[in-house]
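Topology and contacts: notes
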Amino acid sequence: MPSPLSLPARQTVNFRNRILMSVALGALSALMPALAAAQDTASATMSADDTTEVVVTGFRKSLGAARDLKKKSDIQKDVIVAEDMAKFPELNLAESLQRLPGVQITREAGEGRRISLRGLGPDFSRVQLNGMEVLGNVDSAQDSRGQRTRDRAFDFNIFASELFSKVEVEKTFQASQNEGGMAGTVGLFTGKPFDYGPGPKAAVVAKLGTNQYTKDAQPRVAGLFSYNWDNKFGALISVAYTKRETTEQGHNTYNYSHLGATTLDENGNPQGDAYNLIAKGLDISHLSAAQQSRFLAGDLYFADGNRISSWDAKLERLGVTAAFQWKPTDNMELTLDMLHGEVTTHRDELHLATRPLNGFGSTTLDGAKGAPWPAQFQNGSVLNDFRVDNSGYVTMTDVSNVTFGSEHRRELNENRFNQAALTLKWDVSDRLLIDGHIGYEKSTYETPYDDKLYMRAKGNLIADYGIDGKSASFSYPGFDATDPANYAMDNFYYRAFHNQSELKEGVLNARYKLSDIWTLRGGVAYHKFTQGGADYFYDGGVNGTTGEMRGDSVADITSVFTNEFGSWLIGDYDKAFAKYDEYHRLEAKPDGTGGVIQDIENVYETSEETVSGYVQADWDSELMGKRFRGNIGLRSYETKTHSTGWIQGDSYAYLGTTDVKGSYSGILPALNTVLELTPEVLLRFSATQNLNRPGLGSMAAKGSAFKDEDSGKISASRGNPNLKPYKDNTLDLAVEYYFGKVGLLSAGVFQKDITNFISSADYTVEDGNALTFAQAGIPAGTVPGATADTLIDEFSMPINVSGTRKITGVELAAQSQLSFLPAPFDNFGVVANYTYVDTPPEITGISQTSYNATLYYETKTWGARASMSHRSKWFSGRNPSVMSADTRGFQGSTYIDAAAFWNVNTNLQLTLDAVNLTNQKDTQFWGQNEYLYNQNQSGTTYMVGLSYKF
């Protein structure tokens, strides 16, 4: 598929990238002498006064340790190190990672959730925990953010940051690393007893906070205890517990409903959506003649939902780590790492939205509706006024007698994660080292209940999205949304979800030092991953609640809910369940009320089994009198896939199970070099090839099959376990300047050429490429009368497409202790980065520009810092049609966080944290005109705390 960018446009982009890189390298070259001179001046001052004390603690110490690990690495790597025992620089791992160039994050209720790395979305970043790959998902409050996503992305809010001692981001690939994670590999490391020296060590951290919206007490407690018996045996345990309430509040829509253009029937009479609405009882007589004519012409886009919302949650998070280290001999070390994590969320979603009973989509326009609805529902809506833009989008409606839905959705989400890994390090001799690990992990994501309590209401609404459709303002003239007389009961909707994944992994490596220059490495790895699940939907029609309660008074089953945007009535589950003798259920009641559940979706199990091996040569020598080090190697892999899944038909009826196997294999070369121009200036170059396995949803063999009763045409679809992995060829060039104890300036450019891109393919009789049931992998029995040789009229599934997608990026980073400034300003320091990424339109989930900056001030006794993080607009989907809702994304955002500490003594520290100081709005849009889709805020969170170590 050719790139939508024309050749001149692409040349312009490449030219711009070259200019940016030239400017970056030029700026770096210009700054090097100045900073070096400043550092020399500071060093000279210190030498002249031997009594000067250099304070290296906390955040500054963390920066220095991380910088040293980056400098020593043979690959392009960034590192974050804990400031102290049970004290990571930020409260959230993702929020720490955003300080690194090339990293962008998404937030959930103000807290970092997922990362995008180097021009690729969250599904392309591989996460490892103590060297073992990890997959862990938690839920999002909103469907539009992927509420229950089964994918390869990792949700960093599943663990508290206090559990970790170090995080590494490997940006370039080397043969000794397991294949995968085309964007990069994030390594999470928990503490080890041998890290802390002989004897007992312990730390306790306790914080208490609140949020400006929830005003609750939010405890956050972590503790670590370690005992090291003279580096012969050690044991460590750490625990972190968090309890908090969160809220996200704002305006949103369900995109739009398209009022089709009016046409003429065979008798010359107008027909279409507008005339159908009037026939149902919509009154347009209050409009001007021009407005009536425009409405009757149709081809208008009306906002669906027109909703004010609140996503409120009570969250508990528990993490426990244990590590045992044993040196049975001086040359052998065994480490057993175990981690248990759980997140439990009780959520209440509360919405007041437009939901017609006999009208048009979920717009403000409704017709009349009869029994069992009360009298106020038996008249249609009155369209008093509307405004439309040049694209036909209605940016304002003034409507009387609107039908509303009050939805109270209650959920319980339970995430559980367990991992155990046994690691061996054995120095067989001075030249030979053997290491490896075996491990097992299991992750479950259960939603025992996700229920909806629906009520309907009648009232007036002016929904104004601004002239450009990018803002939202709702008013309800003459409508008391807290009066039960304006409401009627509708029904209950019961749902539940199940998902689990398992991983078994074994790795064995050997390293042999051939000479002072060359070291030969090799190894093998085994990796088996499985995932499966099912979604259960039991709506009010099937479960019998609609017929029992629709139209009833709600006076005795409601309460008033208020947030920053309004007040309205919501259903009270305890009262409503008691009144109707209802409860969460996925089957008929004991008295026989309610039918058999019919809608069970996304039923599948997918597995990947991989055997891989590598050979790699590391060197450390000289080139033209300069130290020259790096590695070169090859990694081979063979992956077998297997997926089974339900094929479903009308009303999601189970028709059969499909069973598909696939496989792929290959060899990945990797070269990483480091040329030390001086001991402080490093030039890095890498040329690597890596892969990214297909999305789990794309691989799942689940699907559907239908036969149209009128035309007799058969249509079907399914996932594709035969998908090949994405492949990339990556070139990476960077220059780094190290100075002082924490100083670093770096500039880099990278380019990824991606093949095996995945898209949807259609096979139709009309195009002459139709497939039989056997060829499509669909059981013939799913459609009555079909055989294995029967052609499917319309069949679709994801496939690999030809062509190359190119990503080019520039990364700039700087950090420095401003020790050359006069006291007391010499205690200031700065950390900053900037990233520019150019991607083709079909690659989504990434901002073109992002930057982060932290200004800190730190002494031996106290310190403070403020951080700003910005990412520009980004898309989560694209479509060439101007008004398609498949084009959607997020507007740019800037988050500001702050932290401070005071060391009461060498053991006790007091802390203050502030997250999302500006209460940043999270704004989603749809369509190429970027109309408002969802906008909410989560408030500022403040936390005070103390930490004690002994």
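Here's what I pulled together on the structure shown here. (Residues numbered from 1 in each chain as written. Predicted model: local features only at pLDDT ≥ 70, side-chain atom pairs only at ≥ 80, totals over all residues. Heavy atoms only, no water.)

**Considerations on the overall build of the chain**
- Tallying secondary structure elements over the chain gives ten helices and 45 strands in all.
- Its C-alpha atoms give the chain a radius of gyration of 30 Å, near enough to 30 Å, the size a compact globule of 950 residues would have.
- If you line up the chain on its principal axes, its C-alpha atoms span 95 × 65 × 65 Å.
- Counting the 950 residues in the chain, one finds 57% classified as buried.
- Partitioning the contacts of the chain with sequence separation of at least 6, the portion at a separation of at least 24 is 72%.
- With an accessible surface of roughly 37,300 Å², the chain has 55% of that area assigned to carbon and sulfur atoms.
- In the chain, the 88 positive side-chain charges and the 112 negative ones have mean positions that sit 6 Å from each other. (Helix = DSSP H or I, 4+ residues; strand = E, 2+ residues; numbered from the N terminus. Rg over C-alpha atoms; globule rule 2.2 N^0.38 Å. Buried < 20%, exposed > 50% of the residue type's maximum accessible area, 1.4 Å probe, protein only. Contact = heavy atoms within 4.5 Å. Areas by Shrake-Rupley, 256 points an atom, 1.4 Å probe, with all protein chains shown as cover. Lys, Arg positive; Asp, Glu negative; His and termini not counted. Charge placed at Lys NZ, Arg CZ, Asp CG, Glu CD.)

**Quick look at the sheet that holds strand E4 (residues 125-129)**
- Overall, mixed pairing links the five strands, which are arranged E1-E6-E7-E4-E5 in an open sheet. Edge positions in the open sheet fall to strand E1 (77-81) and strand E5 (132-133), since each of these has one partner strand only.
- Judged from the two bridges that link them, E4 and E5 form a sheet pairing that is antiparallel. Residue Leu129 lies in a different strand from E5, and its bridge partner there is Met132. (Pairing = 2+ DSSP bridges.)

**Re helix H8 (residues 573-580)**
- Every buried residue belonging to H8 is among Tyr573, Ala576, Phe577 and Tyr580, and all of these are buried. Looking straight down H8, one finds that the buried residues subtend no more than 100° of arc, so they occupy a single side. In H8, those exposed residues whose orientation departs by more than 90 degrees from the buried face are Asp574 and Ala578.
- In this structure, the buried side of H8 is in contact with strand E18 (394-427), strand E19 (432-464), strand E21 (487-513), helix H7 (545-549) and strand E24 (566-571).
- Looking one or two places after H8, you find Asp581, whose phi comes out positive at around 55°. (Arc of directions from axis to C-beta.)

**What about the nonpolar core?**
- One finds Phe295, Tyr487, Met489, Phe492 and Trp568 to be the most contacted residues of the largest nonpolar core, which totals 60 residues.
- Per-element accounting of this core gives the leading share, five residues, to E19.
- Excluding anything up to four places from it in sequence, Phe295 contacts Leu259, Ala274, Leu277, Leu282, Ile284, Leu300, Phe302, Leu365, Leu383 and Phe386.
- Counting residues in each nonpolar core, the second largest holds 53 residues, with Ala86, Val343, Ile754 and Ile843 among its members. (Core = buried A, V, L, I, M, F, W, Y, C linked by side-chain atoms within 4.5 Å.)

**Let's talk about empty space enclosed by the protein**
- By the definition in use, this model includes 14 cavities of 30 Å³ or more.
- There is about 320 Å³ of room inside the largest cavity.
- Taken together, 31 residues line the largest cavity, and the ones lying closest to its centre are Arg126, Glu133, Arg152, His527 and Arg693.
- Going through the elements one at a time, E4, E19, E21, strand E22 (518-538), strand E25 (599-623) and strand E28 (681-692) are the ones with two or more residues in the lining of the largest cavity.
- When grouped by side-chain class, the residues that make up the lining of the largest cavity number eleven nonpolar, ten polar and ten charged. (1 Å grid on protein atoms, 1.4 Å probe; cavity = no way out; pocket = protein on both sides within 12 Å on 5 of 7 lines; lining within 4 Å. Points joined across faces, edges and corners; volume = space filled by probe spheres on them. Nonpolar A, V, L, I, M, F, W, Y, C, P; charged D, E, K, R; others polar.)

**Structural notes on the pairing of strand E9 (residues 218-229)**
- Residues Gln218, Arg220, Ala222, Leu224, Ser226 and Asn228 point to one face of E9 and are all buried, whereas Pro219, Val221, Gly223, Phe225, Tyr227 and Trp229, pointing to the other face, are not buried.
- Taken together, the eleven bridges between strand E8 (residues 199-211) and E9 define a ladder with antiparallel strand orientation. Bridge pairing in E9 places Gly209 opposite Gln218.
- Counting the residues that bridge the hairpin from E8 to E9 gives six residues, and of these Lys215 lies at a positive phi of roughly 55°.
- Where E9 lies against strand E10 (residues 233-252), ten bridges are found, and the strand directions are antiparallel. Residue Val221 lies in a different strand from E10, and its bridge partner there is Tyr241.

**Focus: a nonpolar patch on the surface**
- Taken together, the side chains of Val204, Trp862, Trp902, Val904, Leu910, Leu946, Tyr948 and Phe950 make up a nonpolar region of the molecular surface, amounting to roughly 730 Å² of accessible area.
- Along the polypeptide, Leu946 turns up in strand E45 (residues 941-949). (Patch = residues over 30% accessible without salt bridge, like charges linked within 9 Å, V, L, I, M, F, W, Y side chains within 5 Å. Salt bridge = Lys/Arg side-chain N within 4 Å of Asp/Glu carboxyl O.)

**A word on the side chain of His870**
- With respect to the secondary-structure elements, His870 resides in strand E38 (residues 862-871).
- A polar side-chain atom of His870 sits 2.8 Å from a polar atom in the side chain of Thr894. (Polar contact = N/O pair within 3.5 Å; in protein donor to acceptor, adjacent residues only side chain to side chain.)

**Some details on unusual backbone geometry**
- Cis geometry is found at the peptide bond from Ala371 to Pro372, where omega equals 10°.
- By secondary structure assignment, the location of Pro372 is in the loop between strand E16 (332-354) and strand E17 (382-388).
- Cis geometry marks the peptide bond from Ala823 to Pro824; its omega dihedral reads 0°.
- Of note, Pro824 is situated in the loop between strand E35 (805-817) and strand E36 (828-838).
- A positive phi angle, close to 60°, is found at Asn916, a residue other than glycine.
- Mapped onto the fold, Asn916 is located in the loop between strand E42 (908-915) and strand E43 (922-926).

**Comments concerning a negative patch on the surface**
- A cluster of like negative charges, contributed by Asp650, Asp708, Glu709 and Asp710, occupies part of the molecular surface.
- Considering the arrangement of structural elements, one finds Asp710 in the loop between strand E29 (703-707) and strand E30 (714-718).
- Residue classification places Asp710 among the exposed positions, given a relative accessible area of 78%.

**A word on the environment of Ser176**
- Structurally, Ser176 is set in the loop between strand E6 (164-170) and strand E7 (184-190).
- As a C-alpha pair, Ser176 and Leu634 span 458 residues in sequence and 8.5 Å in three-dimensional space.
- Those residues within four positions of Ser176 in sequence are excluded, and the remaining contacts are Arg521, Tyr614, Gln616 and Arg635.

**Concerning the side chain of Arg67**
- Mapped onto the fold, Arg67 is located in helix H2 (residues 58-72).
- For Arg67, a relative accessible area of 9% corresponds to the buried category.
- Within the structure, the side chain of Arg67 is placed 3.3 Å from the side chain of Asp68, a separation counted as a polar contact.
- If we skip the residues at most four places from it in the chain, Arg67 touches Tyr738, Phe739, Gly740, Lys741, Val742, Gly743, Leu744 and Gln815.

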